[in-house]
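Chain by chain, the residues:
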Amino acid sequence: MKPPAFRPQAAVLSSLIAFVLALMGLVLVTATGHAATNLVVNGSFESGTLSGWQCTAGTVTSSAHSGSYGLQSAPSGSDIGRCSQSIPVKPSTAYTLSAWVTGSNVYLGVDGGASTWTTSGSWSQLTVPFTTSASATSVTIYTHGWYGLPAYGVDDVVLDGPGGTADTTPPSTPGGLTVGSPTSSSLQLNWSAASDANGIDHYDVVRGTESPQSVGNVTSWTATGLSPTTTYSFKVRACDPSGNCSPYGASASGTTTTGPTNPGGSLPKHVLTGYWQNFNNGATVQRISDVPAAYDLIAVAFADADASRPGGITFNLDSAGLNGYTVAQFKADIAAKKAAGKKVILSVGGERGTISVANATAASNFASTALSVLREYGFDGVDIDLENGVNAQYMGQALRSLQSQFGSGLIITMAPQTIDMQATSFEYFKLALAIKDILTIVNVQYYNSGAMNGCNGQVYSQGSVDFITAQACIMLQNGLRPDQVGLGLPASSRGAGSGYVSPTIVNNALDCLARGTNCGSFKPSTTWPTLRGAMTWSTNWDALNGNQFANQVGAHVHALP
């Protein structure tokens, strides 16, 4: 019998036609009506370079999904390792972005639009379909990893859709730059908006001869982390979504003020801070009078939210939970500690704190209610421990208002989580730099953290000298004075979910940073003898652990140079 005729399936036939057309140098037109093409320049990286791409930490390597080359980018503690490319497109048109990626937390997306991400130890494809807006003439595609995580790989990046007309016209030059509102550590810049047919993507600010810093699409920005009584020069340019940038406008200068070298008044050169619990959670129940004398600064935990005023705070002593401790006794104990040369402040926040200061009204409420509570109980200041996050602009506004009413002796401390101080672009770090002239101490919680990137670009696991020192030097190298940096550790293994270290490890970390001795594998290139000290959660857990932190770390702190 004669065999049946061979009839290829439609998909197979389409592929064969596409292959033949490709051999003929033609391009297959898809069902969507546009040529199936890749708008990404150097999307396979087979040029062996990063041509067409803007990367903060990218290189071309032989590790590839296909071909000979692929992209590799290494995030750091202050950089997500972003690579991007601006591409001309048509408005109101459907596109599909795809890429093959490998690594921890790898992201693919379009600025201002759709994105996706994955964690994969082997090559996997990410796909992001999107439709351009009615006014779009270009899009910026990007890929990036995440702070402190290992390097990631990218290859075969494709943007499928019809090409647009490239925008080559730069924006107008921003003008009217002024520099004012000086503090001892900051200056505020204001300028007139630039114009561009396709809109402004961001402004770049240059300080002196430093590299440009992108500050977003704003016309007001505050330069922080500056030195007192110093003149700084700035200039600004505008950039559009296609990457075209205007010339820099005329430069303008400003001078910072002379600020206090030791905000918060008469604290010792080196300070031991302990949190005191206004509740019973299984640790030793204490009165303020029970806190050992080794603690120079006692942070009462915690303030309560004022339900009637957004951003406002109150304080309610848990007399029942503290075995009948009365408000009168509490106030008398605070006064006695102060008479003995100690300071007592009120901590705002904690793990369950819900106080939010995210607008001008909340900032005003925070300042006025905090002033009232501080005066009523005799507190010397406030501690910001909002683990649900802070708004640097408005919390800074609130603290400046409080300080102006309370006086220059106001103690302001902060207890951010480790991740909050990984980069100066993070809100807690921005807050610390913005109020540097009135900020007393930042005691970062070096526990409940997992692994984190250190100041030397290496990843360290919590619970070691290296973890503590490599984290602390991020602050020490990025704008805070040594006397504003403290090391926060739990007083016992029950005081935190993870990250407890013995007093010996805490003391070794203090020695490494202040003296350059007893370091682990990481030794900073310099020392900071005026490092402020250490903090613990909490005096109550310390009491349950035989007051080891007070006795051993306290004595070591007070013996620092």
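Worth saying up front: this structure is predicted, and the values here are computed from it rather than measured.

Caption draft 1: Just the overall build of the protein, in detail. Counting secondary structure elements, the protein contains 9 helices and 27 strands. Its C-alpha atoms give the protein principal-axis dimensions of roughly 105 × 70 × 50 Å. Going through the 561 residues of the protein one by one, you find that 49% of them count as buried. Within the protein, contacts between residues separated by at least 24 positions form 72% of all contacts whose residues are at least 6 apart in sequence.

Caption draft 2: Representation of helix α3 (residues 360-377) within the structure. When the terminal C-alpha atoms of α3 are compared, their 26 Å separation across 18 residues agrees well with the 26 Å that a helix rising 1.5 Å per residue should span. Buried positions along α3 lie against β19 (313-314), α2 (327-339), β20 (343-350), β21 (381-386) and α4 (392-406). Of the residues flanking the start of α3, the one acting as N-cap is Asn 359, its side-chain oxygen 3.2 Å from the backbone nitrogen of Thr 361. Directly beyond the C-terminal end of α3, a positive phi value near 85 degrees is found at Gly 378.

Caption draft 3: Here's a closer look at the environment of Thr 222. With respect to the element layout, Thr 222 can be found in strand β13 (residues 220-223). Each C-alpha atom, one on Thr 222 and one on Ile 412, is 21 Å from the other, the two residues being 190 residues apart in sequence. Discounting chain neighbours no more than four positions away, the residues touching Thr 222 are Ser 186, Leu 187 and Gln 188.

Caption draft 4: Quick look at the sheet that holds strand β9 (residues 178-180). The 3 strands are arranged β9-β10-β13 in an open sheet whose pairing can be described as antiparallel. Each of the sheet's edge strands pairs with one partner strand only, and the pair in question is β9 and β13. Averaged over all adjacent pairs, the angle separating strand axes in this sheet is 25 degrees, with direction ignored. The pairing of strand β10 (residues 187-190) with β13 spans 4 bridges and is classified as antiparallel. Paired with Gln 188 across the bridge in β13 is Thr 222.

Caption draft 5: Seen up close, the sheet that holds strand β12 (residues 213-214). Judged by pairing direction, the sheet is antiparallel, and its 4 strands sit side by side in the order β12-β11-β14-β15 without closing on themselves. The open sheet has two edge strands with one neighbour each: β12 and β15 (252-255). Relative to β12, strand β11 (residues 202-207) runs antiparallel, the two sharing 2 bridges. What sits directly across from Asp 204, in β12, is Ser 214.

Caption draft 6: Region of interest: the pairing of strand β22 (residues 411-414). A two-sided burial pattern is seen for β22, the buried positions comprising Ile 411 and Thr 413 on one face and Ile 412 and Met 414 on the other. Bridge analysis of β21 against β22 gives 4 bridges, and the strand direction is parallel. From the neighbouring strand, Asp 383 faces β22, where its bridge partner is Thr 413. Handedness of the crossover joining β21 and β22 through α4 is recorded here as right-handed. Note: β22 against strand β23 (residues 441-445), 2 bridges, orientation parallel.

Caption draft 7: Looking closely at the state of the cysteines. One pass over the structure, following the stated rule, counts 4 disulfides. What pairs with Cys 455 in a disulfide is Cys 473, and their sulfur atoms sit 1.6 Å apart. Residues Cys 455 and Cys 473 are joined by a disulfide whose S-S torsion is about -90 degrees; by sign, that bridge is left-handed. Residue Cys 455 is found in the loop between β24 (452-453) and β25 (459-460), and its partner Cys 473 is found in helix α6 (residues 465-476); the two are separated by 18 residues along the sequence. The disulfide bridge from Cys 512 ends at Cys 519, spanning 2.0 Å between sulfur atoms. An S-S torsion of about 100 degrees defines the bridge between Cys 512 and Cys 519 as right-handed.

Caption draft 8: Quick peek at the confidence of the model for the protein. For the protein, mean pLDDT is 89; residues scoring 70 or higher make up 91% of the total. Here residues 1-35 is modelled with pLDDT under 50, and outside its nearest four sequence neighbours on either side it reaches 13 contacts, counting other chains as well.

Caption draft 9: Representation of the nonpolar core within the structure. Counting residues in each nonpolar core, the largest one holds 102 residues, and the members touching the most others are Trp 276, Phe 330, Phe 366 and Phe 379. Looking at which element gives the most residues to this core, the answer is α3, with 9 residues. Setting aside chain neighbours within four positions, we find Phe 330 in contact with Trp 276, Ile 288, Val 300, Phe 315, Leu 317, Tyr 325, Tyr 377 and Phe 379. By size, the runner-up hydrophobic cluster in this structure holds 24 residues, among which are Val 89, Ala 99, Phe 130 and Val 157.

Caption draft 10: Quick peek at unusual backbone geometry. Ala 301 connects to Phe 302 through a cis peptide bond whose omega is 10 degrees. Its place among the elements puts Phe 302 in the loop between β17 (297-301) and β18 (304-305). For the bond from Trp 537 to Ser 538, the omega torsion is 0 degrees, close enough to zero to count as cis. Here Ser 538 is to be found in the loop between β27 (533-537) and α8 (539-544). A positive phi angle is found at Asn 42, which is not glycine, with a value near 60 degrees.

Caption draft 11: Spatial organisation of the pattern of salt bridges. Under the criterion given, the structure shown has 11 salt bridges. Here Lys 342 ties to Asp 296 by a salt bridge, and the two come within 3.9 Å at their closest N and O atoms. Separated by 46 residues along the polypeptide, Lys 342 in the loop between α2 and β20 and Asp 296 in the loop between β16 (271-277) and β17 bring together distant segments of the chain. Comparing Lys 342 with Asp 296 shows no difference in burial state: the two are buried.

Procedures and definitions
Residues numbered from 1 in each chain as written. Predicted model: local features only at pLDDT ≥ 70, side-chain atom pairs only at ≥ 80, totals over all residues. Heavy atoms only, no water. Helix = DSSP H or I, 4+ residues; strand = E, 2+ residues; numbered from the N terminus. Buried < 20%, exposed > 50% of the residue type's maximum accessible area, 1.4 Å probe, protein only. Contact = heavy atoms within 4.5 Å. Expected span 1.5 Å × (residues − 1). Polar contact = N/O pair within 3.5 Å; in protein donor to acceptor, adjacent residues only side chain to side chain. Pairing = 2+ DSSP bridges. Axes fitted to C-alpha atoms, helices over the stretch in contact; angles between N-to-C directions. Right-handed = clockwise from strand over helix to strand, strands pointing away. Disulfide = S-S within 2.5 Å. pLDDT = per-residue confidence, 0-100. Core = buried A, V, L, I, M, F, W, Y, C linked by side-chain atoms within 4.5 Å. Salt bridge = Lys/Arg side-chain N within 4 Å of Asp/Glu carboxyl O.

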